[in-house]
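# Analysis of the macromolecular model
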Amino acid sequence: MEMSPMRHVKRDKKSSVRRSRRRVWKLKISLSWSAIKKAVMGSFKPHHFHLSCGPSIKQLSNIGVHKDAINAPNRTKKSPTKPLAALLLKSYSASDFIDYGDHMTPTKSPRENISTNWREIHGQRNWDGLLEPLHPSLRREIIKYGEFVEATYDAFDFDPLSEFCGSCRYNSHKLFEELGLTGNGYKVTKYIYAMSHVDVPKWFERSELGRTWSKDSNWMGYVAVSSDIETERIGRRDIVVAWRGTVAPSEWFMDLKTKLDKFGSKKLRIHVQHGFLSIYKSKSEKTRYNKLSASEQVMEELNRLVNFFQERGEEVSLTITGHSLGGALSLLNAYEAATTFPHLFISVISFGAPRVGNIFFKEKLSELGVKTLRVVVKQDIVPKLPGLVFNKILRKLNPITERLNWVYRHVGVQLKIDKVISPYLKQDSDLSGSHNLELYLHVLDGYLSNKSKFRWNARRDIALVNKSGDMLIEELRIPEFWYQLPHKGLVLNKHGRWVKPGRQPEDIPSPFPIEASTRVLAVST
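Residues numbered from 1 in each chain as written. Predicted model: local features only at pLDDT ≥ 70, side-chain atom pairs only at ≥ 80, totals over all residues. Heavy atoms only, no water.

## Examining the pairing of strand E4 (residues 237-243)
Stated precisely, the cut-off is as follows: Each residue's exposure class comes from its accessible area (1.4 Å probe, protein chains only) as a fraction of the maximum for that residue type: buried when under 20%, exposed when over 50%, partly exposed otherwise. Working definition: helices are DSSP H or I runs of at least four residues, strands are E runs of at least two. Numbering for both runs from the N terminus. For two strands to be treated as a pair, DSSP must find at least two bridges joining them.
Within E4, seven of the seven residues are buried, which leaves it mostly tucked inside the rest of the structure. Residues Arg237, Ile239, Val241 and Trp243 point to one face of E4 and Asp238, Val240 and Ala242 to the other, with burial holding for every one of them. Pairing geometry for strand E3 (residues 217-226) and E4, over five bridges, is antiparallel. In the strand pairing of E4, Ala224 is matched with Val240. Pairing between E4 and strand E7 (residues 316-323): seven bridges, direction parallel. Bridging across to E7, Asp238 finds its partner in Ser317.

What follows is the structure in C-alpha cells.
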C-alpha cells in the first residue's frame, strides 16, 4: 500500500525534532562533564588541597567571609608557592593548618602607634563612634588584653593529681616567654593569690594529693607593666591587672546565689555579689599565700608602681581585665583603685563577665570616672547572670524596682558580638563553648559591625579556638582540647621509666616575692 506524501513530511519532521533533542542533551552532558572535570582538577592542586565534602565548606566559600571591595586585593591566578597571605580572600580549609614554613600567614595584625589617641581607645568618650563599625586599633588593643587574660588559663595547673594544682606553672619572670607573649611588650611584676576555702561554689582547683603547695590558695592573676618600647607606642606607661576566670563556669553559675553584701561606705548603699567579694577580700594569718587578701596584694603593688612612675614624671594608666569570674573581680579592683588614685586614668576591659552589683555600684563607678567596656558573645549565658529571669523582669517593671538594693545591674558600655558570623564555628547551643575566651577573641578578630560578615583579613590563628574546646567545624580537622602537656605531663627518664617530673626550683610557688625595687627596675631593661 502506497503512503501519501503528507505522511512522509510528518515523519521527516519528527526525525528532525529527535535529532535536535539529542544534540541538546549531548551539549548539556558535555558542558556538565567539563564543569565536573574543572571542579575536580581545581580541588587537587599540589600543596593546597581543599576539602569539599560538607555543607560547612559551601558556607565558607559562598557566604561566610566579608569582602571589602575597596581594600581587598585583586584576585589573581593562585600559585601553590604563594604565601597564604595572598589567599586571604579564600576561606580557610584543612590544608591551611599544615605547616608550610615561611609560606604561612602571620597570626597577628600589625600594631599601629596609638600615642595620640589612646584615651579615646580606652573610653574617654565612652567609645562613641568606635564600636559600629569596630575601630581597627580598638580591636587590636582589646585582643591584646584578652591574650593577657588567656595567659592566666594557659599557665594554670589544672591537674588534680599534681601537688602544684591551683598554682601557676611558670615563674613570673618567664611567664610571657613561655606563652609566646613577649611581643606584647609587657613584663610581669607580681602574682596575685586568692583564698580557695571561701563560701562559694566549686570555683577553685584543689589537688587530690595530701601533700600540696597550698591547701588554702589559688593563683588568680598578675600585675604587669608596659616596657619602654611599648610605652612609646601606646603613649603612656600602662599598668595591667589580669584576673583569671574559671574552668567550666556554665554549670556552677546556674547555682550562683544572689546574696548581696555591702561594699564600701554604708552611706553609699552599694551592694555586690557575696561570692565575688569573698574571693577578693578573704585572708587568713594561718595561710602561706593569703596573709594578705587578693585586694591587699594587688593594691600594694599598684601603689608601688603608680608612685614609682609618676615620680619619674611619666603619664600612667591602669587597665584591668578579666574573663568570667575575672571580669567580676576586675570591677571590684577598679572601684578600689579609683578611690585610691582619684586622678589616674582607669579602664576595665572584660570578657563574658557576670553582673556584679546593684545600681548604686554602677553609678559610683561612673562617678569615679572608671571606663568599662564589656565584650559579650550573644550566645553566652554568663553575662545574663546572676538573676537570669527574675532580675530582668524587676528591672523592666518601673524605675522604682530597678533601683532596689538587691537588683543587679551591668556596668559600662557593651560590645555585643555574635558567634554566628564566623563560618568556622559550629552553630550549636554549647553553653560552655560560647563562654570560652578563645572563642571570644576569634569572633572579635573577625567582627566589623552588626550588619557585616566575618572580615576577610582577620589574622588571628583559628586553631586557637579548639585549644580548650570543640567549637571549630569538623572540616578544618583541628583536634579538640589540643592544648595540654605532652604525654599528660609524664616524661621518660634515663632508666626508661615514665615518671612525673618535679618542677624547676624557680617555678615552685613562693610566698616570698622578689624585692619590689628589682621588679620595677626590670621593666625598663
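So much for the structure itself; the text now carries on.
## Points about the packing of helix H9 (residues 294-311) against helix H10 (residues 325-340)
For clarity, the cut-off: Comment: axis = line fitted to C-alpha atoms, over the contacting stretch for helices; angle = value between 0 and 180 degrees taken between N-to-C directions. In what follows, roughly perpendicular refers to angles from 65 to 115 degrees, roughly parallel to angles under 35, roughly antiparallel to angles over 145, and oblique to any angle outside these ranges. What makes a crossing left-handed is the near helix being turned counterclockwise from the far one by less than a right angle; a clockwise turn instead makes it right-handed. We call two residues in contact whenever any of their non-hydrogen atoms come within 4.5 Å of each other. For this classification, Asp, Glu, Lys and Arg are treated as charged, while Ala, Val, Leu, Ile, Met, Phe, Trp, Tyr, Cys and Pro are nonpolar and the rest, including Gly, are polar.
Closest axis-to-axis distance for the H9/H10 pair is 11 Å, and the angle between their directions is 40 degrees. Considering their axes alone, H9 and H10 lie oblique with respect to each other. In this structure, H9 crosses over H10, and the sense of that crossing is right-handed. Contacts between H9 and H10 involve Ser295, Val298, Met299, Leu302 and Asn303 from the former and Asn333, Glu336, Ala337 and Thr340 from the latter. The residue makeup of the contact of H9 with H10, split by class, is four nonpolar, four polar and one charged.

## Section: the side chain of Ser293
Positionally, Ser293 belongs in the loop between helix H8 (274-281) and H9. Residue classification places Ser293 among the buried positions, given a relative accessible area of 2%. Once you skip the residues sitting within four places of it in the chain, Ser293 turns out to touch Tyr280, Lys281, Ser282 and Lys283.

## Observations concerning helix H14 (residues 437-445)
In plain terms, the rule: Any N or O atom pair separated by 3.5 Å or less is treated as a polar contact, with the protein-specific requirement of one donor-capable and one acceptor-capable atom, and with residues adjacent in sequence counted only for side-chain atom pairs.
Counting buried positions over the nine residues of H14 gives nine, a clear majority of the element. Leu437, Glu438, Leu439, Tyr440, Leu441, His442, Val443, Leu444 and Asp445 are the residues of H14 that are buried. N-cap assignment for H14: the residue whose side-chain oxygen lies 2.8 Å from the backbone N of Glu438 is Asn436.

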